[in-house]
Amino acid sequence: MAVKTLRGQIAIVGAADTAVGKVPQLGATQLCIDAAKRALEDAGITKDQVDGLVTCNSMVEPYMYHSEAIAEYLQIFPRYCISIGAGGGSTFSILHHAASAIVTGVCDTVLITMADNLLTGLSRDQAMAIQSSVGHSQFETPYGPTVPAFYALIARAHMEAYGTTPEQLAAVAV
């Protein structure tokens with residue numbers, strides 16, 4: 001997505017998707033670049049107008065400095081460059097960082113790009129190992145809970161604290 005200041009307001013002015021599912025001909029970085037180029041095209045702007053970049057690191061092709069690597073691939077030189085990893089909250093966090101950078105005058109046009117190639121790039125065992133590695137090494141990792149299991153623990157805690165029933169949780173649209 002490309003985010004741009006319009007008449008003092010923050011607006012998403014371009015959005016794009018890439019191929020999904022098994023995409024063996026493209027790596028995660030290539031998908032991320034493709035998403036960026038498509039979003040810029042949809043927004044009707046060029047990469048030279050981008051002065052902010054926000055990305056989310058790939059699990060298949062992780063970079064220590066993901067946003068900087070993507071900027072290099074795109075040959076853009078943003079004043080604001082950050083990679084966000086907040087699990088299920090990454091999309092919201094990324095939008096917040098982009099909007100904050102614009103509102104505070106750090107930059108004017110932020111490109112947001114994120115993509116991964118999990119179905120092609122990771123085996124089931126590799127994906128499970130990554131998901132179970134996010135916990136505390138002393139307590140969670142030895143037992144191997146996955147990210148969805150952590151969400152289930154939160155739901156169970158809510159049930160215990162507030163008396164929420166499984167039927168009430170099932171009624172929530174997902």
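Above this text sits the structure in question.
Conventions we followed
Residues numbered from 1 in each chain as written. Predicted model: local features only at pLDDT ≥ 70, side-chain atom pairs only at ≥ 80, totals over all residues. Heavy atoms only, no water. Helix = DSSP H or I, 4+ residues; strand = E, 2+ residues; numbered from the N terminus. Buried < 20%, exposed > 50% of the residue type's maximum accessible area, 1.4 Å probe, protein only. Contact = heavy atoms within 4.5 Å. Areas by Shrake-Rupley, 256 points an atom, 1.4 Å probe, with all protein chains shown as cover. Pairing = 2+ DSSP bridges. Core = buried A, V, L, I, M, F, W, Y, C linked by side-chain atoms within 4.5 Å.

### Some points on the overall build of the protein
Counting secondary structure elements, the protein contains seven helices and five strands. Start at the N end of the protein and walk to the C end: the helices and strands fall as β-β-α-β-α-β-α-β-α-α-α-α. Counting all 174 residues of the protein, 32% fall into the buried class. If you take every contact in the protein between residues at least 6 apart in sequence, the share linking residues at least 24 apart comes to 63%. Accessible area for the protein stands at about 10700 Å²; split by element, carbon and sulfur atoms hold 58% of it.

### Some details on the side chain of His-66
As for its position among the elements, His-66 is in helix 2 (residues 66-74). Since its relative accessible area comes to 3%, His-66 is described here as buried.

### A word on the environment of Ile-112
In this structure, Ile-112 sits in strand 5 (residues 109-113). Owing to a relative accessible area of 4%, Ile-112 belongs among the buried residues under this scheme. Note: C-alpha distance between Ile-112 and Ala-39 (73 residues apart in sequence) is 8.6 Å.

### Observations regarding the pairing of strand 4 (residues 80-83)
The pairing of strand 3 (residues 52-55) with strand 4 spans four bridges and is classified as parallel. The residue bridging Val-54 from the neighbouring strand is Ile-82, located in strand 4.

### Here we look at the nonpolar core
By size, the foremost hydrophobic cluster in this structure holds 17 residues, and its most contacted members are Leu-40, Val-50, Leu-53, Ile-70, Leu-74, Ile-76 and Leu-111. Elements with a minimum of two residues in this core: helix 1 (28-43) and helix 2. Per-element accounting of this core gives the leading share, seven residues, to helix 1. When residues no more than four places from it in sequence are discounted, the contact partners of Leu-40 are Ile-45, Thr-46, Lys-47, Val-50 and Leu-111. Ala-98, Cys-107, Val-110 and Ile-112 belong to the second largest nonpolar core, which has eleven residues in total.

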